[in-house]
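# Structural features, examined
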Amino acid sequence: MGVLDFTGIAIGLITFLIIGAFHPLVIKGEYHFGVKIGWLFLVFGIAFGFFALWVPNVVASATLGVASFSSFWSIGEVFEQRKRVAKGWFPKKSGK
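Residues numbered from 1 in each chain as written. Predicted model: local features only at pLDDT ≥ 70, side-chain atom pairs only at ≥ 80, totals over all residues. Heavy atoms only, no water.

With 27 residues, helix α1 (residues 7-33) should reach 39 Å at 1.5 Å per residue; the first-to-last C-alpha distance of 37 Å fits that figure. When we look at burial in α1, the residues that qualify are Ile18, Phe22, Val26, Gly29 and Glu30. Buried-residue contacts for α1 involve α2 (37-54) and α3 (58-86). Once α1 ends, the next one or two residues include Gly34, with phi positive near 70°. (Helix = DSSP H or I, 4+ residues; strand = E, 2+ residues; numbered from the N terminus. Expected span 1.5 Å × (residues − 1). Buried < 20%, exposed > 50% of the residue type's maximum accessible area, 1.4 Å probe, protein only. Contact = heavy atoms within 4.5 Å.)

This is how it looks when you write it as structure tokens:
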């Protein structure tokens, strides 16, 4: 039997954790800052993507790539979150 390679499993687990972390970031970000938080997701998405190109380690580069595209995806999710708040599915910040 050959040597087991856990690289794919590690990348899968890291992807799962990053996506799971971005859900509350979108919810809390929209609650506290509104859709303006989308600009921050854009900046982080570009930065993570840039660094993913320069990191020689496959797992680290994949992690940064997943974080980059999760950031980009979150821009749209912030606007969707605003709609969910308007429907009453999530609390609205008073004074907003």
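With that out of the way, let us pick up α3. With 29 residues, α3 ought to run about 42 Å at 1.5 Å a step, and its terminal C-alpha atoms sit 42 Å apart, in line with that. All buried positions along α3 are accounted for by Ser61, Leu64, Val66, Ala67, Ser68, Ser70, Ser71, Ser74, Val78, Gln81 and Val85. Buried positions along α3 lie against α1 and α2. Backbone nitrogen of Val59 and a side-chain oxygen of the N-cap are separated by 2.9 Å at the start of α3; the cap is Asn57. Just beyond α3, the residue with positive phi is Gly88, at close to 90°. (Polar contact = N/O pair within 3.5 Å; in protein donor to acceptor, adjacent residues only side chain to side chain.)

Position of Gln81 relative to the elements: it lies in helix α3. According to the relative accessible area criterion, Gln81 is buried, its value standing at 2%. A polar atom in the side chain of Gln81 sits 2.9 Å from the side chain of Arg84. The residues touching Gln81, leaving out its near neighbours within four places in the chain, are Val26, Ile27, Glu30 and Phe90.

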